[in-house]
Amino acid sequence: MKNLYRPIESVIEDIKQETPNINTYRFRPKEPVTFAAGQFVELTVPGVGEAPFTPSSNPNVTDTMEITIMEVGSVTEALAKMKVGDTVGIRGPYGHGYNLTDFEGKEILIIGGGVGLAPLRSLILALFDDIDRYKKISIRYGARTPEDIVYKDLLPEWEKMKNTEVQQTIDEPHPDWRGTVGVVTVLLDDLPLVTTVDVDVPFHAETAIACVCGPPIMLKFVNVGLLQKGFKPENIYHSMERNMSCGLGKCGHCMLGEYYICKDGPVLTAAQIEKFGDPF
Amino acid sequence: MKEVFIGRENLQRLIGRWAKDYRVYVPVTFDIMNNEATPDYELVAGEVPEKLHLEGAALAHTAKSFIFYSREVVAKYPSSDPEADVEAPPTVIVGPRACDVRGLAKFDKVYWSTVHFTEEYDDPFIIEKRKNTYIVSLDCTAAKETCFCTMVGGEPYPKEGFDLNLAPIDSGFVLTIGSEKGEKLVAGSDDLVSELQSTHGQERERSRNSVTEAVNRQNADFRVEGSFDRYDLEGSPESWAYVTQNCVGCGACNRVCPTCTCFLLVDQRAKGGYERTRNWDTCLSLGYARTGGGGNSRPELLQRLDNRLRCKFEYSRDRYGLVTCTGCGRCIDACMGKIDMREAIKHVVTEKAKA
């Protein structure tokens, strides 16, 4: 039988520094690892261990995979010491991706906090590949300081895409920053509180899709904000990633009630998790 | 199911025959630290031990230990072999009780979807061992004081899920053949068994009824309103804090539980590269749900014990259609804080009813 636990050797082809503690790595797996936007993989640093990550590259590019990773624990710290040409392991993909056919003809609000924009990038790039199918793409991104912003060079490019807008904020005022200040929920302020079909408003909350990824506290407040604005719980997608060890719906680490986040998620709608009260 | 009679000495001989072709584990008693004798499994090496412990209640170890090792290498890397390298020698286990056999159903659901109709991934390490493990279960002839199988839909004797079952009666055992694998174990041993007499069956029924009554009797004080498969344990933090007050989070309950399936993958250096080991894990440890960066969805011990008990009664039921507490009572036996699962459930349900 096929061994589910075997990592596929993958060579680090490129490392790009995004912030002082976040890098984007490009990997070339020896066997193709294809994924859909929203799915995740288990990345092995040989001898150190595995950790789950959602790729941040375009899912339509299948021979390589990019992942934007912050140094936060043993695996990511060991990875940060590795160099171009070194070998890691990848297995997956696991979980469900976003159901992009559901997104067609709709306005799509993408809300990221900190390194939480990284998994959303693969979604954004997948949407860009079929941009005419979607009514509008609004990317709203919050970072702690200007220095902590990931994809500094890409954000202006994204803004140039058809039917696409990008809004940014940082948590605290900073001498180098001219834009919006405040946690990412301030970027919801332009959304009207009541649902409406008026064409002038930025979003039609009744039909719009929201995809959210960031720290738990951010998910919690963005969720409340979006529901207040009239978004439907079944249209709000949260990245609920936890410390998936196996990715196979077995080890139990990511369990949320009867859900295995790794298998039933990692993206779950607000409707799926509302029974847990505050699961973030 | 076909049933025959086998005498004690002939059973000894039958086990001896198995030992030629299989790894065979039998129940014996161990004298640990001059305490009262602890019944547990022993590997038959050479002669079958003269004094088998084919009576009483469940043994210290659960049957899961034979298909889900406490630590096991599941991958070696770098490797280009996509096939799993599983070591699963044919093994006969004599002595699992009904609570163990029911516990294996959880493993089947979680790890062996193609046969057990779930939508989970098939795990070669569990499946190969499950295929090559022969369960020779045993009726309980007495209840230990922590047994409560009848409170959670069980009986102190297996009804299904075994290959062979032994029901002790005065003159020997009623041997029930429960599967093709069971047929294989008795094939060619007609000389050791004889036709079942009606008195044998009657004697077994008397024993079964008397143990069932004993389990019911000793649990009378723990009864709660409502059926065990409909428990709603979403209790107040106060009620869970009360239940958790003597918990130290050691995870002994996870390790002795016949249905705790959780594990952690740990990588390390090994000859020729690296190896990935799968290790039993405990959902009661602080680090269990901790993520990189320090986030933790269950930072409080009371949340973790809440999660453990609700996993048994609610989450497994909702996911696999299976309440996964089998009432073996081992978690109560193993708990150094003397937390009694039955009291915990009763407390949470009762407090909830009051609110």
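Please read all numbers here as calculations on a predicted model, not as lab measurements. (Residues numbered from 1 in each chain as written. Chains lettered and ligands numbered in written order. Predicted model: local features only at pLDDT ≥ 70, side-chain atom pairs only at ≥ 80, totals over all residues. Heavy atoms only, no water.)

Focus: the overall build of chain A
Looking only at helices and strands, chain A features six helices and 15 strands. Taken against the 2.2 N^0.38 rule, which gives 19 Å for 280 residues, the C-alpha radius of gyration of chain A at 18 Å falls within 12% of a compact globule. For chain A, the C-alpha atoms occupy an extent of roughly 55 × 45 × 35 Å along the three principal directions. Within chain A, the fraction of its 280 residues that count as buried is 57%. Within chain A, residue pairs in contact and separated by at least 24 positions form 68% of the contacts whose partners lie at least 6 positions apart. For chain A, the accessible area works out to roughly 11000 Å², and carbon and sulfur atoms hold 52% of it. Between the centroid of the 27 positive side chains of chain A and the centroid of its 38 negative side chains there is a distance of 4 Å. (Helix = DSSP H or I, 4+ residues; strand = E, 2+ residues; numbered from the N terminus. Rg over C-alpha atoms; globule rule 2.2 N^0.38 Å. Buried < 20%, exposed > 50% of the residue type's maximum accessible area, 1.4 Å probe, protein only. Contact = heavy atoms within 4.5 Å. Areas by Shrake-Rupley, 256 points an atom, 1.4 Å probe, with all protein chains shown as cover. Lys, Arg positive; Asp, Glu negative; His and termini not counted. Charge placed at Lys NZ, Arg CZ, Asp CG, Glu CD.)

Description of empty space enclosed by the protein
Residue and element names in this part refer to chain B. Tallying each qualifying case throughout the model produces seven cavities of 30 Å³ or more. Approximately 190 Å³ is the volume attributed to the largest cavity. Elements with a contribution of two residues or more to the lining of the largest cavity: helix 8 (252–256), helix 9 (301–320), helix 10 (330–334) and helix 11 (341–354). Among the elements that make up the lining of the largest cavity, the one with the highest residue count is helix 9 (three residues). Among the residues forming the lining of the largest cavity, the class breakdown is 15 nonpolar, four polar and two charged. The calculated volume of the second largest cavity comes to roughly 140 Å³. Along the walls of the second largest cavity sit 18 residues, with C260, C262, C283, Y288 and C311 positioned nearest its centre. In terms of residue count, the dominant contributor to the lining of the second largest cavity is helix 9 (five residues). Among the residues forming the lining of the second largest cavity, the class breakdown is seven nonpolar, six polar and five charged. (1 Å grid on protein atoms, 1.4 Å probe; cavity = no way out; pocket = protein on both sides within 12 Å on 5 of 7 lines; lining within 4 Å. Points joined across faces, edges and corners; volume = space filled by probe spheres on them. Nonpolar A, V, L, I, M, F, W, Y, C, P; charged D, E, K, R; others polar.)

Let's talk about unusual backbone geometry
Residue and element names in this part refer to chain A. P93 follows G92 through a cis peptide bond whose omega is 0°. Mapping P93 onto the fold places it in strand 6 (residues 87–94). Positive phi is not limited to glycine here, since N163 has a value of about 55°. Relative to the helices and strands, N163 resides in the loop between helix 3 (155–159) and strand 9 (164–170). The exposure class assigned to N163 is partly exposed, which follows from its relative accessible area of 41%.

Remarks on helix 4 (residues 216–228) of chain A
Residues and elements named next belong to chain A. Compared with the 18 Å implied by 1.5 Å per residue over 13 residues, the 19 Å span of helix 4 between its first and last C-alpha is a close match. All of the buried residues along helix 4 are M218, L219, V222, N223, G225 and L226. Phi turns positive, to about 100°, at G230, one or two residues after helix 4. (Expected span 1.5 Å × (residues − 1).)

Focus: the layout of surface pockets
Residues and elements named next belong to chain B. Of the volumes computed, that of the second largest pocket is approximately 750 Å³. Together, 36 residues line the second largest pocket, and V101, R102, A105, E160 and G161 are the ones closest to its centre. Taken together, the elements giving at least two residues each to the lining of the second largest pocket come down to helix 2 (98–111), helix 3 (113–116), helix 4 (124–131), strand 6 (133–138) and helix 5 (180–186). When its residues are assigned to classes, the lining of the second largest pocket shows 13 nonpolar, ten polar and 13 charged. When we break the lining of the second largest pocket down by domain, the ones giving at least three residues each are domain 1 (2–222) and domain 2 (228–354). (Domains from an automatic or database assignment.)

Some points on the environment of L59(B)
Within the secondary structure layout, L59(B) lies in the loop between strand 3 (38–43) and strand 4 (71–77). C-alpha of L59(B) to C-alpha of V215(B): the two residues are 156 residues apart in sequence and 16 Å apart in space.

Digging into the domain arrangement of chain A
All names here are of chain A. Per the domain assignment, the segments of chain A are domain 1 (8–94) and domain 2 (100–276). Look at where the C-alpha atoms of domain 1 and domain 2 centre, and you get two points 22 Å apart. In this assembly, 25 residues from domain 1 lie in contact with 27 residues from domain 2. Taken together, both faces of the contact between domain 1 and domain 2 bury some 1900 Å²; the carbon and sulfur share is 55%. Sorting the residues of domain 1 by area buried against domain 2 places E18, F40 and S56 first, and these three jointly supply 21% of that buried surface. The interface formed by domain 1 and domain 2 contains two salt bridges. With its nearest N and O atoms 3.3 Å apart, the salt bridge here joins K16 to D153. Our count for the domain 1 to domain 2 interface comes out at 13 residue pairs in polar contact (both at pLDDT 80 or more). (Buried area = accessible area lost by both parts, 1.4 Å probe. Salt bridge = Lys/Arg side-chain N within 4 Å of Asp/Glu carboxyl O. Polar contact = N/O pair within 3.5 Å; in protein donor to acceptor, adjacent residues only side chain to side chain.)

With respect to a negative patch on the surface
Among the surface-exposed residues, D81(B), E83(B), D85(B) and E87(B) lie close enough to one another that they form a single negatively charged patch. One can find E83(B) in the loop between strand 4 and strand 5 (91–94). (Patch = residues over 30% accessible without salt bridge, like charges linked within 9 Å, V, L, I, M, F, W, Y side chains within 5 Å.)

Digging into the interface of chain A and chain B
With 37 residues of chain A in contact, the opposing surface of chain B contributes 45 residues. In total, about 3400 Å² of surface goes out of reach between chain A and chain B, with carbon and sulfur atoms giving 55% of it. The largest contributions to the chain A side of the interface with chain B come from M1(A), Y5(A) and K250(A), which together make up 23% of the buried area. One can count two salt bridges joining chain A with chain B. Here E50(A) and R276(B) are joined by a salt bridge, their closest N and O atoms 3.0 Å apart.

Some points on the sheet that holds strand 4 of chain B
All names here are of chain B. Pairing is antiparallel across the open sheet formed by three strands, whose spatial order is 4-11-10. The open sheet has two free edges, formed respectively by strand 4 and strand 10 (263–270), since each of these has just one partner strand. Strand-to-strand twist across the sheet, computed as the mean angle between neighbouring axes with direction ignored, equals 25°. Where strand 10 lies against strand 11 (residues 273–280), eight bridges are found, and the strand directions are antiparallel. In the sheet register, L265 faces strand 11, and the bridge partner there is R278. Contacting strand 4 and strand 11, helix 4 crosses the sheet at an angle of about 125° to strand 4. (Pairing = 2+ DSSP bridges. Axes fitted to C-alpha atoms, helices over the stretch in contact; angles between N-to-C directions.)

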